[in-house]
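In case you want the letters, here they are:
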Amino acid sequence: MRITTVGGGPAGLYAAILLKRGDPTRHVTVYERNAPDDTFGWGVVFSAATLAELEDTDAISYDRLLRACARWDPVDVEHRGRVVRALGNRFAAISRKRLLQILQERCGELGVDLRFETEVDPTDLGGADLVLAADGINSRVRDQYADVFAPRRRVEGGRFIWLGTTRRYDAFTFVFAEHEAGVFQAHAYPYDTELATFIVECAPEVWQRAGLDTRAAGELAPGESDPHAIKFCEELFADHLGGHPLMGNYSRWLEWTTLSNRAWHHDRLALLGDAAHTAHFSIGSGTKLAMEDAIALARAVDTTTDVASALVAYEAERKPVVERMQEVARESLQWFSRTDRYVHLPTPQLAFGLLARSRLTYERIRQRDPTFVTAVDRWFAARSQPRGEPTAPTAAPPPAFAPARIAGLGLGNRMVLASEEVATGRDGQPDEATPTRLAALAAGGAGLALVERVAVTPEGRITPETPGCYTDEQEAAWRDARAAARERADDVAVGMQLVHAGARGATRPRREGVDVPLRDAWPLVAASSRPYTPRSPAPTPLDAEGRVRVREAFADAARRAAHAGFDLVEVHLGHGFLLGGYWSPLTGDADDWRDRLAYPGEVVAAVLEALDGAATLSVCWSASDLERGGTSPEDAVAGARTLADAGVGLFNVVAGQTTPRGAPGYEPHWGAGWSDLIRNEAGVPTIASGAIRDPLDASHVLAGGQADLCVLGRPHPAVPGWAHDL
């Protein structure tokens, strides 16, 4: 078999080694346009799992690589003069130049034909039985068949520059530096006994405000580093560097490009490494992924009978793995692109969020380093103690079990159990089982029990069974239910969420389907005449007189809830219900967020006046419609700040369902990111929800500073008092 590899980087060289080693009769040729020792960059990183795979695949090159590696276990986070260390993160790194030397030497020993300083015509690769395109992100071979591979480039994240330093490190170190233009962060790690990689990154707008965009990359000669950028970074991180210099190697400010391809093979041609994919450097090394590609390709060739079958097997095995890795990398990239959101967090919380950014769970981090997580738990418990109380105990509970005091509401822990099934009604009257259900919810072990979706008017009900709080009889029923909950769990706060269904009203009970209209629907009112679904009846836009009636209905229902003994009243401003319909640009008739918030703001003001401090006011706040053209993050933050200034003490942050197209996600704690946005950019207390399955999930969200409280997802634990037994 004749094999041609275009590109003499780690992917091409390692594939050549494995293919020649698998069958010495194969004729393997590697073409590289640069000289053997021409390389850019500094060190490359391998995880412990990748090293184990390299050892199993070719022990000789592995032994040489390992001897040349710097190895470490800790991750350090340096922030505002404090360093937090987390263990259990086994990494190794090697100079890119030394790695290429090792692979070149191994190729020579096996008889691979290495041809350096040789350009290959991508249209003339005849004669080879297998062609490997390992010629980087700008692969000429791949682009010759762009209609087949359909490469997609996505420029995302911030600006970054890849540097080196003589400062010694014994950990993968993240350093946060605050400049008048914004936040810069450095990713630093050792790769031999003398040198370390030092990558500096910032948001694009920070880069511009710092004046770093004044010199275009095109003004630099090929191979030239940007001296202005190096000097700026050296001065910015001077305290951290301690007199050590920063060095360049074709170093200049770059934009990150994530590359993906629809297909990875065509005929006898396969893509490897950066020609096939890229993943942001914050989760590790593209070199690691490239060499893992080579392993999968060689294994496929060795275990199949023909090239066509081998390439199908290679793509089937490797492409899904890399795509999952790219998703994780994108989440990591996004975290680092918004460090201005997190830099105000206390260092333990910032460090936990950094570690958790790439889908490491609270429990997984605890398994890696129990001491680190114990320290985070103790810090969280200490800051949660009421003033004047003793310092948190040495054996502090996970954050989900820490007490909270938010907007005057004292809670025994930070978990919320919420259920719209606490009460079913007839003509809005809660049924006789309501006290039993509410007592059971309160006894469920959470600090706050929340009754969801209680209507403020008869026509504001979602279904005929939706309970209301707009008559004396209903108020009395809720008073009895609250008394039953207090008798069962007197240390648990109980809240009532008030809603006017708007365009989502007059539907059948959910057991018969979601948003299925009643055959004999009552008239609907909404922010506009748009029906919620194509089969829903069109609502009548609420006129001025109607807006006054609804505003007063919310105020009256809130007053009744407080009189019934509820500790918290929540006004629903999301999910396509009436007030959420005003707030969203998809369903309201105003473009400016101030105009869209005007009427919901009137309702909130009326509720605050009605409560007069008798209960804490929360709003269920839609941070995103999960649709193009919906509420922007900037508007969601500005609106939350406005409501907080008006007196709202807590934001139950939700997303989607403004229209049926805005479907929520299902991955673990998917909604926490929207709570994160509102909490850390608007600076207000939040509740997170969305597939937060248990206290460990909640602790993950809380420890990383994404929320102050968490709604545990349904189904709830079946054993009453489960939280008290943990």
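Because the structure is a prediction, the values reported are computed rather than measured.

A. Local environment of the pairing of strand S24 (residues 493-499). The element S24 is largely enclosed, with a buried count of seven among its seven residues. Burial along S24 is two-sided: the residues Ala493, Gly495, Gln497 and Val499 and Val494, Met496 and Leu498 are all buried. Alignment of strand S23 (residues 448-455) against S24, held across six bridges, turns out to be parallel. By the bridge assignment, Val454 is partnered in S24 with Leu498. Note that the unit made of S23, helix H17 (residues 472-488) and S24 has a crossover that is right-handed.

B. Quick peek at helix H4 (residues 96-110). Here H4 contains 15 residues, and its C-alpha end-to-end distance of 21 Å stays within 8% of the 21 Å for a straight helix at 1.5 Å per residue. Where H4 is concerned, the buried positions are Leu99, Leu100, Ile102, Leu103, Gln104, Arg106 and Cys107. At its buried positions, H4 is contacted by helix H1 (10-22), strand S3 (43-47), helix H3 (59-68), strand S7 (91-95), strand S8 (113-116) and helix H10 (286-303). One or two steps after H4, the chain reaches Gly111, where phi turns positive at roughly 90°.

C. Molecular detail of the sheet that holds S7. Reading across the sheet, the three strands line up as S3-S7-S4 and stay open at both edges, with antiparallel pairing between neighbours. Two strands close off the open sheet at either side, each with one partner strand: S3 and strand S4 (70-72). Averaged over all pairs of adjacent strands, the angle between their axes in this sheet comes to 25°, without regard to strand direction. The pairing of S3 with S7 spans five bridges and is classified as antiparallel.

D. Region of interest: the domain arrangement of the protein. Segmenting the protein into domains produces domain 1 (2-337) and domain 2 (407-664). On a C-alpha basis, the centroid separation for the pair domain 1 and domain 2 is 51 Å.

E. Representation of the environment of Val312 in the model. Mapping Val312 onto the fold places it in helix H11 (residues 307-337). As for Val312 and Ala300, which are separated by 12 residues in sequence, their C-alpha atoms are 8.6 Å apart.

F. Layout of the sheet that holds S8. An order of S8-S2-S1-S9-S17-S16 is seen for the six strands of this open sheet, with the pairing classed as mixed. With partners counted over all chains shown, the strands left at the sheet margins are S8 and strand S16 (265-266), one partner each. Summarising the sheet, strand S1 (residues 2-6) and strand S2 (residues 27-32) pair through five bridges and their orientation is parallel. Bridging across to S2, Val6 finds its partner in Tyr31.

G. Structural view of the side chain of Thr533. Of note, Thr533 is situated in the loop between strand S25 (525-526) and strand S26 (540-541). When residues no more than four places from it in sequence are discounted, the contact partners of Thr533 are Asp515 and Pro660.

H. Molecular detail of unusual backbone geometry. At Asp515, a position not held by glycine, the phi torsion is positive, near 60°. Structurally, the position occupied by Asp515 is in the loop between S24 and S25. Owing to a relative accessible area of 12%, Asp515 belongs among the buried residues under this scheme. Residues other than glycine seldom take positive phi values, yet Ala691 does so here, at roughly 60°. Mapping Ala691 onto the fold places it in the loop between strand S30 (686-688) and helix H23 (695-703).

I. Geometry of the packing of aromatic side chains. Summed over the entire model, instances satisfying the criterion amount to 23 aromatic pairs. Seen from their ring centres, Phe174 and Phe336 are 5.7 Å apart, and the 25° between their planes marks the pair as stacked. Note that Phe174 is positioned in strand S11 (residues 172-179) and Phe336 in helix H11, a separation of 162 residues in sequence. Across the pair, Phe336 and Phe174 agree in class, each one buried. The cationic tip of Arg159 hangs over the ring face of Trp207; the distance from NZ or CZ to the ring centre is 3.9 Å. Just above the ring of Phe380 sits the side chain of Arg383; from NZ or CZ to the centre is 5.4 Å.

J. Local environment of the packing of helix H20 (residues 593-611) against helix H21 (residues 633-646). Look at H20 against H21: their axes get within 10 Å of each other, and the N-to-C directions meet at 30°. On the basis of their axis angle, the class for H20 and H21 is roughly parallel. Crossing hand, H20 versus H21: right-handed. Note on element contacts: H21 touches H20 through Asp635, Ala638, Gly639, Thr642, Leu643 and Ala646, opposite Trp593, Arg596, Leu597, Gly601, Val604 and Leu608. Residues of the contact of H20 with H21, tallied by class, amount to seven nonpolar, three polar and two charged.

K. Representation of the pairing of strand S5 (residues 75-79). Counting buried positions over the five residues of S5 gives four, a clear majority of the element. The pairing of S5 with strand S6 (residues 82-86) spans five bridges and is antiparallel. Bridged to Val75 within S6 is Ala86. Hairpin connection from S5 to S6: two residues lie between these consecutive antiparallel strands, with Arg80 at a positive phi of about 50°. When S5 meets S11, the two strands line up parallel, connected through five bridges. Looking across to S11, one finds that Val75 is bridged to Phe172.

L. Just the environment of Arg510, in detail. Within the fold, Arg510 resides in the loop between S24 and S25. With 48 residues separating them along the chain, Arg510 and Ile462 place their C-alpha atoms 9.7 Å apart. Among residues more than four places away in sequence, those in contact with Arg510 are Glu420 and Arg453.

M. Focus on the nonpolar core. One finds Trp478, Trp621 and Ile678 to be the most contacted residues of the largest nonpolar core, which totals 77 residues. For Trp621, the contacting residues outside a window of four places in its chain are Leu573, Trp583, Leu597, Ala636, Gly639, Ala640, Leu643, Phe651, Asn652, Val653, Val654 and Ile678. Among the nonpolar cores identified, the runner-up in size contains 60 residues, and Ile17, Leu103, Trp264 and Leu272 belong to it.

N. Local environment of the side chain of His700. Residue position: His700 is located in helix H23. With a relative accessible area of 7%, His700 lands in the buried category. One polar contact links the side chain of His700 to the main-chain amide nitrogen of Tyr362, over a distance of 3.3 Å. Ignoring anything within four residues of it in the chain, the contact list for His700 reads Phe352, Ala356, Leu360, Thr361, Tyr362, His669 and Gln706.

Thresholds, definitions, all that
Numbers given for residues are sequential positions, taken from 1 along each chain in its written order. Only residues with pLDDT of at least 70 get local features here, since the model is predicted, and only at 80 or more are side-chain atom pairs given and counted; chain-wide, interface and lining totals rely on the full set of residues. With hydrogens and water set aside, each side-chain value is computed from the structure's full complement of heavy atoms. For every residue, the accessible area (1.4 Å probe, protein chains only) is compared with the maximum for its type, and the residue is labelled buried under 20%, exposed over 50%, or partly exposed between those bounds. Elements are defined by DSSP. Helices are runs of H or I of four residues or more, strands are runs of E of two residues or more, and each kind is numbered from the N terminus. Pairing between two strands is assigned when DSSP locates at least 2 bridges connecting them. With the strands aimed away from the viewer, a crossover counts as right-handed if its path from the first strand over the helix to the second runs clockwise. The span expected for a helix works out to 1.5 Å for each residue beyond the first. Whether two residues are in contact is decided by their heavy atoms, any of which lying within 4.5 Å being enough. Think of each axis as a best-fit line through the C-alpha atoms, taken over the contacting stretch in the case of a helix, with angles from 0 to 180 degrees between the N-to-C directions. What fixes the domain bounds is an automatic or database domain assignment. Any pair of Phe, Tyr and Trp rings, taking the six-membered ring for Trp, is counted once the centres come within 6.5 Å. Such a pair is stacked with planes under 30 degrees apart, edge-to-face with planes over 60 apart, and tilted for the rest. Here, over-ring charges are defined by two tests on the NZ atom of lysine or the CZ atom of arginine: distance to the ring centre within 6 Å, and angle to the ring normal within 35 degrees. For classification purposes, angles smaller than 35 degrees are called roughly parallel, those larger than 145 roughly antiparallel, those between 65 and 115 roughly perpendicular, and all remaining angles oblique. Helix crossings get a hand from a simple test, with the near helix turned counterclockwise from the far one by less than a right angle marking a left-handed crossing and a clockwise turn marking a right-handed one. Under the scheme applied here, ten amino acids are nonpolar (Ala, Val, Leu, Ile, Met, Phe, Trp, Tyr, Cys and Pro), four are charged (Asp, Glu, Lys and Arg), and all others, including Gly, are polar. Remark: nonpolar core denotes a set of buried residues (Ala, Val, Leu, Ile, Met, Phe, Trp, Tyr, Cys) joined through side-chain atoms within 4.5 Å. A 3.5 Å cut-off defines polar contacts: any pair of N or O atoms within that distance qualifies, except that in protein one atom must be a possible hydrogen donor and the other a possible acceptor, and neighbouring residues in sequence count only when both atoms are side-chain atoms.

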